[in-house]
Amino acid sequence: MPSLSEHNLVGLLSAALADYRDRALAFGKTESQVTQELGVESKNAALVKSKIFEGNKPTNSIMFQKLTAGTLGALIAMYEHKIHVQGAIWGINSYDQMGVELGKVSLTDLMLVTHRC
């Protein structure tokens, strides 16, 4: 059996962590699961409470073989489309929000300060 290269190992670990995250968001953790995992430490009620969370949280996982200019462009386009569609569904203008305006003002201020230096 061929050995795993460092690159393949990183990819495998990344996929495993993404799968774990997806399962956690989908199913959450109950008090009994946390208590079982913690063992003796489960006597700490604050610790137990801090590790309990609901599931049924949506998430997306996107995997690709190699990050290229085309892949990055496709990811950006997908997220732009997602924001547009969410805004249309919720009846808001996704491109005219106060946070966007604040970001523009902050960037302008930063550019002025940087230009003076």
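Presented here is an overview of the structure given in this document. Keep in mind that this is a model prediction, so the values were computed, not measured.

At 3.6 residues per turn, the α-helix brings residues three or four places apart onto the same side. For helix 4 (residues 69–90), with 22 residues, the first-to-last C-alpha span of 32 Å sits near the 32 Å given by 1.5 Å per residue. Along helix 4, the residues that are buried comprise Thr 71, Leu 75 and Gly 87. With its buried residues spanning 150° around the axis, helix 4 presents them on a single face. Of the residues in helix 4, the exposed ones pointing more than 90 degrees away from the buried face are Ala 69, Gly 70, Glu 80, His 81 and Ala 88. Backbone geometry just after helix 4 places Gly 91 at a positive phi near 70°.

On the surface, Ile 62, Phe 64, Leu 67, Leu 72, Ile 76, Met 78 and Tyr 79 cluster together into a nonpolar patch covering about 630 Å² of accessible area. In this fold, Leu 67 is placed in the loop between helix 3 (45–51) and helix 4.

Time to look at unusual backbone geometry. The phi torsion at Asn 56 lies on the positive side, around 60°, for a residue other than glycine. Tracing the backbone shows Asn 56 in the loop between helix 3 and helix 4. When its relative accessible area of 70% is taken as the criterion, Asn 56 is described as exposed.

About the cut-offs
Residues numbered from 1 in each chain as written. Predicted model: local features only at pLDDT ≥ 70, side-chain atom pairs only at ≥ 80, totals over all residues. Heavy atoms only, no water. Helix = DSSP H or I, 4+ residues; strand = E, 2+ residues; numbered from the N terminus. Expected span 1.5 Å × (residues − 1). Buried < 20%, exposed > 50% of the residue type's maximum accessible area, 1.4 Å probe, protein only. Arc of directions from axis to C-beta. Patch = residues over 30% accessible without salt bridge, like charges linked within 9 Å, V, L, I, M, F, W, Y side chains within 5 Å. Areas by Shrake-Rupley, 256 points an atom, 1.4 Å probe, with all protein chains shown as cover. Salt bridge = Lys/Arg side-chain N within 4 Å of Asp/Glu carboxyl O.

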